[in-house]
Every structure is written in C-alpha cells, then in structure tokens.
Amino acid sequence: MAQEQSPPSGPDLTQGVTLAEFLDGKLAGHVGDQEVLLVHSRTEIFAVAAHCSHYHGPLAEGLVVGDSIRCPWHHACFDLRSGEAVRAPAIDSLACWQVEQRNGRVFVHEKREQRKPSGKALVNAPDRIVIVGGGAAGFAAAEMLRRREFLGSIVMLSSDAAAPVDRPNLSKDFLAGSAPEDWMPLRPDSFYNDTGIELRLNSEVTGIDTKARHVITAGGGKVAYDRLLLATGAEPVRLPIPGADQPHLHTLRSLADCRAIIDAAQRARRVLVIGASFIGLEVAAALRARKIEVHVVAPKTRPMERVLGPDMGDFVRALHEEHGVVFHLEDTVIGIEGQRATLKSGGVIEAGLVVVGIGVRPRLALAEQAGLTLDRGILLNAFLETSVPGIYAAGDIARWPDPHSDETIRVEHWVVAQRQGQIAALNMLGERARFDSVPFFWSQHYDVPINYVGHAEQWDEIVVDGDITAKDCLLKYKHKGRLLAVASIFRDLASLQAELEMEREAILRG
C-alpha cells in the first residue's frame, strides 16, 4: 500500500560499506533517494528495494531463506536474484541493483533492468484458458500466466461489476476512510488490455460442458477452453429472519458492498454488526474510526474463540470495548422491523445501519452441475486439479490435501487463494507443482495486527509465549504434541520462523 515517503536513511551505499556493518545479514541504506536493502546470503550479497511491494513492509525486519526474503507483515516472498514476487500477497517485483565487492567493501551501483518477456511460445501449452471468477485466485492465476509468458487466450469471467480489488482492505483502511479508492484495484484497467487478458465483468456462468470443453454464460453464450480454472469464491450467509431484506442491511464482500456501507455510515448514528467474526469485528473497528456508535451481537461467549482460543478471544473483546464497541454476546437477532432489531434475550437495538457478518458459503453450483467430486468444497489433488482432467479450482471453493496437517482442508484466506491461483496457473501450463504453502492470514483491529500461520481446526493445548494483554505474544496451537498453527501480535519474525518450521517439518514427513 502506498505510504508517505520520508527521506532515505542509513548509509549511502554507492560510497561503500563493510560487512561488519551488517546486522543478521542485512543492512538498510540508500542509493540516491531510493531506499535499498543489502542482504548477505551464503557467499553472495544482493541489493533490493527495502520495502515490500504489497503494503510497504520493512524487509530489513524480514526473514532470509536461501536466496529469498520474506516480508514480516504478510509473508510475501521475493527472489533476491531477480526481485520477483514468488509468493503472494505481493505481485509486483522488487527493484534490484548491481553490487560490487572491492577491497573489503561493498558498493551498490546502478539499478538493474527488469527481465522482459521473451515472447516465445511455451512448449505444449494450451491455446485457450478460461478463468471463472474475478477475485484473489482468478486474478493471481491470470497474472501468473502472463508472467510465465503464456501467449494463448485468457478469458476471465467475473460476476462482479468491478475489476479485481484488494478485498482485505474493504473491511480495514478503505472502510475506515484512511485509504483512497485508487489504492483498491489490484491492477489498473489498462493492465488487462495491455496483457491481453479478456476480462468480462458482470458475466454469470451458468454451466460447464466438460465433454465439449466450454462454459455457458447467462445469455446462452459459449466460451471454449482447453484448461479451465474455477475460482468462484464464496457468498455471504444471509440472515434467515423477518426483516432481513430491508435496504439498510448490508453484507460485505465486494467493492460495491463497501461503497454502500460507507454511504450509509455517513447518515447513521448507530450501527449494528451481527456476528463477531474477523470480518464483523474489522468492520466494527473501521466504523468506530468514523466515530459511529457500534453494537455487536453474536451467539458465542467470546469473539473469535473457535479460531484463536479463549485468552485471545477475551483480549479481542477487551480491545474493542476500549474503543467503545458494545457487545451483546450469547445472544442473537430474531427479527428486524424498521430500524428496531429484536434480540432473543428480549432486548432491542435501534440502528440505522446493519452489517451482517455471519460467515460465507462456497459457491459450488457450477462444480456440482459439472459433476465434479465435492466434499464440502471441490475436492482437489495436490496439483489443484479436480476429478475432471483439465479443470482446476482455487480459493474459497477448494479442498486440497494439506501436507502440514495431513488432512484435506478448505480455508477462506485471501493469501491462500492468491497462492492457489498462482500454482494452478503453473499446472495449467503443464508443470507439476504441488500446492504445499502453509496457510496464512492477517487481521487488523485498530492498531493491533494479528497474524495466523497454519491451520488448526481443533487443538488440545495452547502454549503462550509473551503477554497477550501487552500486545506482545506468540500462541502455539498443538494437537497431541504436534504444532498445527501459530497466532501472533507484534512477533513478526517469530511468525515467519514458525512458517518456515512448518514447511521443513512437512518436507521431513515426506
């Protein structure tokens, strides 16, 4: 995310530095007015842009793994030799500079030119790839196809009215009013024309003919494919109560949804958030930033306990209460008449704006119609291919064999969807790349970030390192002694190290 730039700090790297000035193999400095990070890995020294291309995270605080560096904020990963963003959520490459070692000193010279596509056709690549979905997975797949110099046809069919956007920000800075709308698109509109990606918005796909190899759109049109990626995502669960169809009730999934909530928030004195999920509480925090009174109704004893455990749940509740959020826990809304929401407990909350965040369900109708094997999602192999050869899936609909938990899992994380889109793209081009990324997500509540690595549907032990209430902690979720997931607050390097540990353990287990 773009940030206000301060004058570059650190030494002028064109004048040379010594290896003794490096700390943990890294040294931040500048070349002219550009901040540059030197990285000493094994016997080589690399010079790359000092900040992550995703949200400008400080790479000097990141983790070096071989010839790559990982961002401490959201676990993007970059190749130090080329600067390529090899793991989402970053898409853009880092700039790289020429490095020279002379007389015991390290000098940084001119910026290296970015590698340009060769324009050569890939061997055995398909001619036509169709992507159904315009979210994280669909965009990441299309971008990776072109990055890998695929020259064939890419048709991206999106039911959304807007080109792919940075969805996590819809419930964070953009909703809070601290991020302008021009930050939201993942790429400008010109990107799709310039790269030859045919993005069709407001396009509803109603069927798949797996034998004839084409998809059918709402108007009866047919789009042929050689490889097909399903990235249809999920849709919000609707409230099954009287009055849930009124115009002041909103869900948050798209840019249009967010714009509607922002518009309503400008007139509302009080907002009711139904659900204490990550989305629900991020919405609560964002609307408190707009100085609106916020009430949260949820059926559980404490928020987020199912994912983060009781201690972190209590902390999250206390954090929101410190910022003025009023909780109505162990309660539900049973009806809404006008602006009056009636609770099961008998209470009434009057609110001019209601945001419903009670979960999402995967969009599986297309897969079911096509006869794909389902199991609370689309069942995939390790290469993200469905039961029908040539059809792949990624994102919220995907259930895949996770080598870290040894289970087939489905998760609804933005970064996972992006990374699956990228791996699916490689496999549609004929590679045999396994999807083995450790699941990761982040959540933001006021000035407190929560990072989560791994996947723990159940645990019998939570080991707390540090102090949750002091906002300095790392929680390890274990089952029968095995580490399944780690949550952290301001322990960015430890979170990266936990991710790496899980990767290495999966390799050792085969």
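Colleague: Which residues make up the overall build of the protein, and what values go with them?
Modeller: Looking only at helices and strands, the protein has 10 helices and 35 strands in total. Against the globule reference of 24 Å for 510 residues, the protein gives a C-alpha radius of gyration of 24 Å, in line with a compact fold. Along the longest, intermediate and shortest principal axes, the C-alpha atoms of the protein span 80 × 60 × 50 Å. The burial tally for the protein puts 55% of its 510 residues in the buried class. At a minimum sequence separation of 6, the contacts of the protein that also span at least 24 residues come to 59%. For the protein, the accessible area works out to roughly 22400 Å², and carbon and sulfur atoms hold 48% of it.

Colleague: Tell me about helix H9 (residues 414-428), residues and numbers included.
Modeller: Residues lying three or four places apart along an α-helix face the same way, a consequence of the helix completing one turn every 3.6 residues. When the terminal C-alpha atoms of H9 are compared, their 21 Å separation across 15 residues agrees well with the 21 Å that a helix rising 1.5 Å per residue should span. Where H9 terminates, the next one or two residues include Gly 430, which has phi positive at roughly 105°.

Colleague: An account of helix H7 (residues 310-322) is requested, with residue identities and associated values reported.
Modeller: Between its first and last C-alpha, H7 extends 18 Å over 13 residues, near the 18 Å set by a 1.5 Å rise per residue. Listed as buried for H7 are Met 312, Gly 313, Phe 315, Val 316, Leu 319 and His 320. Buried residues of H7 fall within an arc of 160° about the axis and therefore sit on the same side. Of the residues flanking the end of H7, it is Gly 324, one or two places downstream, whose phi is positive at about 95°.

Colleague: Go over the pairing of strand S16 (residues 227-230) with me, naming the residues and quoting the values.
Modeller: Of the strand pairs in this sheet, strand S10 (residues 128-132) and S16 are connected by 4 bridges, and their pairing is parallel. Bridged to Ile 131 within S16 is Leu 229.

Colleague: Describe the sheet that holds strand S22 (residues 333-337), naming the residues involved and giving the relevant values.
Modeller: Strand order in the open sheet formed by 3 strands is S22-S23-S24, with antiparallel pairing between adjacent strands. Here the strands that pair on one side only, and so sit at the sheet edges, are S22 and strand S24 (348-350). If you compare each strand with its neighbour and ignore which way they point, the axes differ by 20° on average.

Colleague: Tell me about unusual backbone geometry, and name the residues and values.
Modeller: For the bond from Ala 88 to Pro 89, the omega torsion is 20°, close enough to zero to count as cis. Along the chain, Pro 89 turns up in the loop between strand S7 (85-87) and strand S8 (96-102). Phi at Arg 213 is positive, roughly 60°, even though this residue is not glycine. Checked against the element boundaries, Arg 213 lands in the loop between strand S13 (205-209) and strand S14 (214-217).

Colleague: Could you give an account of the packing of helix H1 (residues 136-147) against H9, with specific residues and numbers?
Modeller: It is the contact of H1 with H9, at a shortest axis distance of 7 Å, that shows an interaxial angle of 40°. Viewed along their axes, H1 and H9 form a crossing whose handedness is right-handed. Of the residues in H9, those touching H1 at Ala 136, Ala 137, Ala 140, Ala 141, Met 144, Leu 145 and Arg 147 are Trp 414, Ala 417, Gln 418, Gly 421, Gln 422, Ala 425 and Leu 426. Looking at the contact of H1 with H9, its residues break down into 10 nonpolar, 3 polar and 1 charged.

Colleague: Go over the packing of aromatic side chains, please, and point to the residues and values.
Modeller: Tallied over the entire structure, the rule returns 9 aromatic pairs. Seen in terms of ring centroids, Phe 278 and Phe 441 are 5.0 Å apart; in terms of plane orientation they differ by 70°. Their pairing is edge-to-face. Of the two residues, Phe 278 sits in helix H5 (residues 278-288) while Phe 441 sits in strand S31 (residues 440-445), which places them 163 residues apart along the sequence. Owing to a relative accessible area of 19%, Phe 278 belongs among the buried residues under this scheme. When its relative accessible area of 11% is taken as the criterion, Phe 441 is described as buried. Centroid distance Trp 459 to Tyr 477: 5.1 Å. Interplanar angle 65°. Geometry classified as edge-to-face. Here the residue Trp 459 occupies a position in the loop between strand S32 (448-454) and strand S33 (461-467), and Tyr 477 occupies one in strand S34 (residues 472-479), the gap between them amounting to 18 residues. Classification of Trp 459 by relative accessible area gives partly exposed; the value is 22%. Three or more aromatic residues joined by ring pairs form one cluster here, namely Phe 278, Phe 441, Tyr 452, Trp 459 and Tyr 477. Looking at Arg 187, its charged tip hangs above the ring of Phe 191, at a distance of 5.4 Å from the centre. One cation-aromatic arrangement involves Arg 432 over Phe 383; the distance from NZ or CZ to the ring centre is 3.7 Å.

Colleague: Outline the side chain of Thr 232, supporting the account with residue identities and numerical values.
Modeller: As for its position among the elements, Thr 232 is in the loop between S16 and strand S17 (234-236). Reaching out from Thr 232, the side chain makes a polar contact with the backbone oxygen of Arg 363 at a distance of 3.0 Å.

Colleague: How would you sum up the nonpolar core? Please name residues and give values.
Modeller: Membership of the largest hydrophobic core comes to 71 residues, with the highest contact counts inside it found for Val 130, Ile 131, Val 215, Leu 228, Leu 230 and Ile 378. Take this core: its biggest share by element is 9 residues, from H9. Beyond its immediate stretch of four places on either side in the chain, Val 130 contacts Val 155, Leu 157, Val 215, Val 223, Ala 224, Tyr 225, Arg 227, Leu 228 and Leu 229. Core analysis: the second largest hydrophobic core is formed by 56 residues, Leu 170, Phe 174, Leu 308 and Val 325 among them.

Colleague: Which residues make up the sheet that holds strand S3 (residues 44-49), and what are the values?
Modeller: Spatially, the 5 strands line up as an open sheet ordered S1-S2-S3-S8-S9, and their pairing is antiparallel. Every other strand in the sheet has two partners, leaving strand S1 (26-31) and strand S9 (105-111) as the edge strands with one partner each. Pairwise comparison of adjacent strand axes, ignoring direction, gives a mean angle of 30° for this sheet. Where S8 lies against S9, 5 bridges are found, and the strand directions are antiparallel. If you follow Val 99 over to S9, its bridge partner there is Val 108.

Colleague: Explain the environment of Glu 457 residue by residue, including any values.
Modeller: Within the fold, Glu 457 resides in the loop between S32 and S33. Look at Glu 457 and you get exposed, because its relative accessible area is 52%. C-alpha of Glu 457 to C-alpha of Ala 506: the two residues are 49 residues apart in sequence and 18 Å apart in space. Engagement of the side chain of Glu 457 in a polar contact is seen with the side chain of His 455, the distance being 3.0 Å.

Conventions we followed
Residues numbered from 1 in each chain as written. Predicted model: local features only at pLDDT ≥ 70, side-chain atom pairs only at ≥ 80, totals over all residues. Heavy atoms only, no water. Helix = DSSP H or I, 4+ residues; strand = E, 2+ residues; numbered from the N terminus. Rg over C-alpha atoms; globule rule 2.2 N^0.38 Å. Buried < 20%, exposed > 50% of the residue type's maximum accessible area, 1.4 Å probe, protein only. Contact = heavy atoms within 4.5 Å. Areas by Shrake-Rupley, 256 points an atom, 1.4 Å probe, with all protein chains shown as cover. Expected span 1.5 Å × (residues − 1). Arc of directions from axis to C-beta. Pairing = 2+ DSSP bridges. Axes fitted to C-alpha atoms, helices over the stretch in contact; angles between N-to-C directions. Left-handed = near helix turned anticlockwise from the far one by under 90°. Nonpolar A, V, L, I, M, F, W, Y, C, P; charged D, E, K, R; others polar. Phe/Tyr/Trp six-rings, centres within 6.5 Å; stacked < 30°, edge-to-face > 60°. Lys NZ or Arg CZ within 6 Å of the ring centre and 35° of its normal. Polar contact = N/O pair within 3.5 Å; in protein donor to acceptor, adjacent residues only side chain to side chain. Core = buried A, V, L, I, M, F, W, Y, C linked by side-chain atoms within 4.5 Å.

Everything listed here is a matter of coordinates, which is why it stays silent on function.
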